[in-house]
Protein chains: 2
Amino acid sequence: MSSVARTRATQASDTGRSARKSEQTRARILDAAAYVLSRKGYAGTRLGDIAERAEIQAPAIYYYFHSREDLVEEVMWVGIAQMREHLEDALKGLSADARPMERIELAVSEHLTHELEISDYTTAAIRNAGQVPEDIKRRYDREAKRYGDVWHELFEAARKAGELRADLDPMVARMLVMGALSWAAEWWNPRRESLATVTKTAVSFIRNGLQAAPDVAEGS
Amino acid sequence: MSSVARTRATQASDTGRSARKSEQTRARILDAAAYVLSRKGYAGTRLGDIAERAEIQAPAIYYYFHSREDLVEEVMWVGIAQMREHLEDALKGLSADARPMERIELAVSEHLTHELEISDYTTAAIRNAGQVPEDIKRRYDREAKRYGDVWHELFEAARKAGELRADLDPMVARMLVMGALSWAAEWWNPRRESLATVTKTAVSFIRNGLQAAPDVAEGS
DNA sequence: GTCTATAAAATGATAGAC
DNA sequence: GTCTATCATTTTATAGAC
């Protein structure tokens, strides 16, 4: 659907002159690859299927990507990298005196919104992270760790502020939260429940699950 | 590691005489297939790799399974079927007057314990559910639905008893919980945190996330 | 930039010996 | 029950025309 992958797709041209169409084709290939990768898996991703969806012939892919591996690597990478950028931008928008739990709530809602918007990239990464070759995995893991670090800081701040219940192992709690969120792309059906319903329920469930105080009275 | 898959592995013999060794070989192939499938994905699962791990030659697989597809289908199927059996057995062990939330707590803990014990089958199913061919997916979905139904009833009972917070969409809350649990097999490292730490944190996080009353005072 | 033609490599499945 | 030998098919990647 949407043509994501601006992040790196841009470096295709060196002149910066009129590479518009070229960039578009590159982005179309990347989107097609995410689509196929999420549905067929790493080993099942055929260049022919990607080409068909991108409406080109398979060998044309080699004009934009050095190899099948390179293309897959970029799909895995770009999804999570953009997720982190999106989250960091959103957090910057919060007022400086926002409480740690407020920041976590925003992160939950922003993660879900973005994830479900680029769901092909999300499910491609989720389903294939444990199946891609070492080279690809290394680069993906590095990026996934950067994203995990953002969440780690959110949880650390909450813990220090005494907003995390004491009987929770912070690391385990964080992984449970991230799992609940990541998994949403696997089951969410927009025709069954709205995105708003999903985020509202997730925010409430997670806040109450983590929160030390049962229900602090503070409206404004 | 463990040789799971007794469920169907048993129907291999019709005489029931001395099929012990045969059953063992069949179970070894199934375990090996779960191992490879979880790491290489559906399309990347080579009969040669399965055979190597099962310590036989590839063509021997055809003595026990009609095709590569049949073998994969059984791996996908047996993991979730056993998970449901395990959960139903555990729930039967609860006293009849257990409160709905107590039943959910037991389900959380039993799901995690069993899932992490047969993690090859679990990750194989999770990672490949969206990637296998239609035939396999149909049968898997039917079994997954049966498992989901067990959880659905647990949540329905809690809702009717007023133990679920009103601002939660029950369906969404259930999927968030199941996602958090399913995902555990992807990140859990027994050398980093004990299984007890994981289940304890998960039970607490989920109970507080779902529970209507902030903290009802009732010890015994 | 994109296509057609093709070379080279890998794998599922069967045949048939033991 | 399990193995060796083999066929048919599929797919990545390159060469080279346009």
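Residues numbered from 1 in each chain as written. Chains lettered and ligands numbered in written order. Predicted model: local features only at pLDDT ≥ 70, side-chain atom pairs only at ≥ 80, totals over all residues. Heavy atoms only, no water.

*Asks:* I'd like to hear about the UniProt feature "DNA-binding region" (unreviewed entry) in chain A, residue by residue, with values.
*Replies:* Residues given the UniProt feature "DNA-binding region" (unreviewed entry) here are residues 46-65 of chain A. Summarising residues 46-65 of chain A: 60% helix, 0% strand, and an end-to-end C-alpha distance of 14 Å. (UniProt positions renumbered as here; feature names shortened; annotations may be inferred. Helix = DSSP H or I, 4+ residues; strand = E, 2+ residues; numbered from the N terminus.)

*Asks:* Got a sec to walk through the packing of helix α7 (residues 119-128) of chain A against helix α9 (residues 170-187) of chain A? Specific residues and values, please.
*Replies:* Residues and elements named next belong to chain A. Contact geometry for α7 and α9: axes closest at 10 Å, N-to-C directions at 110 degrees. Compared by their axis directions, α7 and α9 come out roughly perpendicular. Considering the relative orientation of α7 and α9, their crossing is left-handed. Facing Thr-122, Thr-123, Ile-126 and Arg-127 of α7, the residues of α9 in contact are Ser-182, Ala-185 and Glu-186. (Axes fitted to C-alpha atoms, helices over the stretch in contact; angles between N-to-C directions. Parallel < 35°, antiparallel > 145°, perpendicular 65-115°, else oblique. Left-handed = near helix turned anticlockwise from the far one by under 90°. Contact = heavy atoms within 4.5 Å.)

*Asks:* Please provide a residue-by-residue account of the interface of chain B and chain A, values included.
*Replies:* Listed by partner, the interface residues are 40 residues for chain B and 40 residues for chain A. A combined buried area of about 3600 Å² lies between chain B and chain A, and 69% of that area is made up of carbon and sulfur atoms. Per-residue buried area on chain B facing chain A is highest for B:Leu176, B:Trp183 and B:Phe205; these three make up 21% of the total on that side. Elements with a contribution of two residues or more to the side of chain B that touches chain A: α2 (20-40), α7 (119-128), α9 (170-187) and α10 (195-210) of chain B. When residues in the side of chain B that touches chain A are grouped by element, the largest group, eleven residues, is from α10(B). Residue classes in the side of chain B that touches chain A are distributed as 19 nonpolar, twelve polar and nine charged. (Buried area = accessible area lost by both parts, 1.4 Å probe. Nonpolar A, V, L, I, M, F, W, Y, C, P; charged D, E, K, R; others polar.)

*Asks:* Could you give me a rundown of the relation of the copies chain B and chain A, with the residues and numbers involved?
*Replies:* Its rotation angle being 180 degrees, the transformation that places chain B on chain A also includes 0.0 Å of axial translation and leaves an RMSD of 0.0 Å. The superposition of one copy onto the other is thereby described by a two-fold rotation axis. In this assembly the copies share their binding face: 100% of the residues contributing to the interface of chain B also contribute to that of chain A. (Least-squares fit on C-alpha atoms with pLDDT ≥ 70 in both.)

*Asks:* Which residues make up the protein's contact with DNA strand C, and what are the values?
*Replies:* Near DNA strand C there are 15 residues, and of these A:Gln57, A:Tyr64, B:Arg46, B:Tyr62 and B:Arg68 occur at the shortest range. Sugar and phosphate atoms represent 78% of those atoms of DNA strand C found within 4 Å of the protein. Measuring from a phosphate oxygen of DNA strand C, one finds a side-chain N or O atom of A:Ser22 at 3.4 Å. At a separation of 2.7 Å, a phosphate oxygen of DNA strand C approaches a polar backbone atom of A:Gln57. Going through the elements one at a time, α2 (20-40) and α4 (61-64) of chain A are the ones with two or more residues in the surface near DNA strand C. Here the surface near DNA strand C is composed, by residue class, of eight nonpolar, five polar and two charged. (Near = heavy atom within 4 Å. Polar contact = N/O pair within 3.5 Å; in protein donor to acceptor, adjacent residues only side chain to side chain.)

*Asks:* With reference to specific residues and values, describe the confidence of the model for chain A.
*Replies:* When the pLDDT values of chain A are averaged, the result is 91; 88% of them are 70 or greater. Taken together, the stretch residues 1-18 of chain A has pLDDT below 50 and engages in 30 contacts with residues farther than four places along the chain or on a different chain. (pLDDT = per-residue confidence, 0-100.)

*Asks:* Residues and numbers for α7(B), please.
*Replies:* Of all ten residues making up α7(B), nine are buried, and the element is well covered by its neighbours. Every buried residue of α7(B) is listed here: B:Asp120, B:Tyr121, B:Thr122, B:Thr123, B:Ala124, B:Ala125, B:Ile126, B:Arg127 and B:Asn128. (Buried < 20%, exposed > 50% of the residue type's maximum accessible area, 1.4 Å probe, protein only.)

*Asks:* Report on the protein's contact with DNA strand D, specifying residues and quantitative values.
*Replies:* Taken together, the neighbourhood of DNA strand D is formed by 14 residues, with A:Arg46, A:Tyr62, A:Arg68, B:Gln57 and B:Tyr64 sitting nearest. Per the 4 Å cut-off to the protein, sugar and phosphate atoms form 78% of the nearby atoms of DNA strand D. In the environment of DNA strand D, a phosphate oxygen lies 2.8 Å from a nitrogen or oxygen atom belonging to the side chain of A:Arg46. Measuring from a phosphate oxygen of DNA strand D, one finds a side-chain N or O atom of A:Tyr62 at 2.3 Å.

*Asks:* So what's going on with the packing of helix α5 (residues 68-92) of chain A against α7(A)? Which residues, and what values?
*Replies:* Residues and elements named next belong to chain A. In the contact formed by α5 and α7, the axes pass within 9 Å of each other and the chain directions differ by 115 degrees. On the basis of the axis angle, α5 is roughly perpendicular to α7. In the crossing of α5 with α7, the sense of the turn from one axis to the other is left-handed. Taken together, the residues of α7 that come into contact with α5 (itself represented by Val-75, Met-76, Val-78 and Gly-79) are Tyr-121, Ala-124, Ala-125 and Asn-128. Of the residues assigned to the contact of α5 with α7, the class counts are six nonpolar, two polar and no charged.

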